[in-house]
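A look at the structure
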Amino acid sequence: MERILIIGASGQIGSELTLELRSIYGNENVYATDVKEAPPDIKESGPFQLLDVMDDKHLIHFVIRNKITQIYHLAAVLSGNAEKLPTQAWHINMNSLMNILEIARLVEEIKRVFWPSSIAVFGKTTPRNNSPQLSVMEPSTVYGISKLAGERWCEYYSHRYNIDIRSLRYPGLISFKTEPGGGTTDWAVEIYYDAVNKGKYTCFIESSRAMPMLFMHDAIQATVKLMETDRSKLTCQTSYNITGLSISPGQVADDIRRYIPGFRIDYKPDFRNSIAESWPQSIDDSIVRTDIDWEPSFDLKKITDVMVKEVTKKKSVIGN
Ligand code: AKB
């Protein structure tokens with residue numbers, strides 16, 4: 001019987017991954033935790049508890065008491081917020097991961113750990129287009145440095161202690177369920193909310209800056225497939241490149257106008273545009289697609305169709 005712990009269940013990934021894992025493993029076998037309250041559908045569909053991944057003593061007691069067999073550690077300070085509090089972000093991103101790795105080493109019932117890395121591990125010296133799985137990685141952000149260091153620690157625990165740790169270098173993730181979480185790719189979510197709610201958007205990334213993105217449905221499917229794939233088929237011991245498409249704010253704005261013809265966008269690039277400039281414009285994820293037999297199913301048109309429909313639905317509910 002798998003018993004799964006989700007850390008960061010209230011966040012952009014966790015709030016959707018929790019429900020997917022509950023549909024697979026049973027509601028009562030997926031323990032959602034976070035330092036902030038979860039959405040109603042998480043709290044009403046299975047166990048939820050406020051739990052701080054930085055509190056290793058409470059964490060290990062929770063893991064042992066609930067006979068946890070898998071851990072998804074989704075909590076992190078993302079790129080934009082991390083630049084505002086560099087040392088705090090490093091402390092949270094690294095020490096939370098070390099807590100999880102140590103618990104996985106000490107508690108033998110834990111069979112598997114998932115931890116998300118990011119395209120942020122790449123820097124200006126990485127090939128800009130179709131960045132390869134194995135490449136020069138000189139990140140220039142606190143977030144990217146913490147994710148690169150995390151990848152090395154995961155590989156160390158995998159080799160030294162035979163811990164089964166699996167990871168994906170998520171690009172920007174587009175979803176409608178939660179508000180953006182302080183990342184450089186937040187524009188790809190904000191633009192839909194502002195288009196529907198205001199008819200206009202001021203974008204902090206320049207119009208032509210293409211960035212690797214993935215719709216949340218595809219990201220969740222890939223994460224589950226990665227965790228369910230036989231370990232012998234996985235050829236990557238650090239973190240897999242993954243992407244769905246590469247899009248720019250200008251391209252998204254044009255596609256939104258299929259629904260909102262008068263949609264207006266202006267551009268005021270800020271420090272996050274400089275972060276975006278240091279990241280690849282597109283990613284080669286051919287290895288993960290082969291290893292876990294996965295393909296994305298959402299292109300820009302399908303993403304816009306769903307985002308406009310669902311954000312409009314949320315607006316009508318909030319507006320009532
Ligand atoms: C961010 O923008 O910081 C994250 C990421 C690309 O990992 N969404």
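Further up the page is the structure itself.
Conventions used here
- Residues numbered from 1 in each chain as written.
- Predicted model: local features only at pLDDT ≥ 70, side-chain atom pairs only at ≥ 80, totals over all residues.
- Heavy atoms only, no water.
- Core = buried A, V, L, I, M, F, W, Y, C linked by side-chain atoms within 4.5 Å.
- Buried < 20%, exposed > 50% of the residue type's maximum accessible area, 1.4 Å probe, protein only.
- Helix = DSSP H or I, 4+ residues; strand = E, 2+ residues; numbered from the N terminus.
- Contact = heavy atoms within 4.5 Å.
- Pairing = 2+ DSSP bridges.
- Near = heavy atom within 4 Å.
- Polar contact = N/O pair within 3.5 Å; in protein donor to acceptor, adjacent residues only side chain to side chain.
- 1 Å grid on protein atoms, 1.4 Å probe; cavity = no way out; pocket = protein on both sides within 12 Å on 5 of 7 lines; lining within 4 Å.
- Sits in = over half its atoms within 2 Å of the grid points.
- Nonpolar A, V, L, I, M, F, W, Y, C, P; charged D, E, K, R; others polar.
- Domains from an automatic or database assignment.

1. Structural notes on the nonpolar core
- Membership of the largest hydrophobic core comes to 45 residues, with the highest contact counts inside it found for Ile174, Trp187, Ile191, Tyr192 and Phe263.
- Counting residues per element, this core draws most heavily on helix H7 (residues 187-198), which supplies eight residues.
- Ignoring anything within four residues of it in the chain, the contact list for Trp187 reads Tyr201, Cys203, Phe204, Ile205, Met211, Met213, Ile247, Ser248, Pro249 and Val252.
- Among the nonpolar cores identified, the runner-up in size contains 32 residues, and Ala38, Tyr170, Val224 and Trp294 belong to it.

2. Let's talk about the pairing of strand E1 (residues 4-7)
- The two faces of E1 match: Ile4 and Ile6 on one face and Leu5 and Ile7 on the other face are all buried.
- In terms of strand pairing, E1 meets strand E4 (residues 70-73) through four bridges, oriented parallel. Its bridge partner lying in E4, Ile7 is registered against His73.

3. Structural notes on the site of the ligand
- Neighbouring the ligand are the residues Leu78, Ser79, Ser118, Ile119, Tyr143, Pro171, Gly183, Thr184, Thr185 and Trp279.
- Within the contact set of the ligand, an oxygen atom lies 2.8 Å away from a side-chain nitrogen or oxygen of Ser118.
- Here an oxygen atom of the ligand and a backbone polar atom of Thr184 are 2.8 Å apart.
- Given that more than half its atoms are within 2 Å of the pocket grid, the ligand belongs to the largest pocket.
- Of the residues assigned to the shell around the ligand, the class counts are five nonpolar, five polar and no charged.
- Structurally, the shell around the ligand is a two-domain feature, drawing no fewer than three residues from each of domain 1 (4-172 + 214-241) and domain 2 (176-213 + 245-280 + 297-315).

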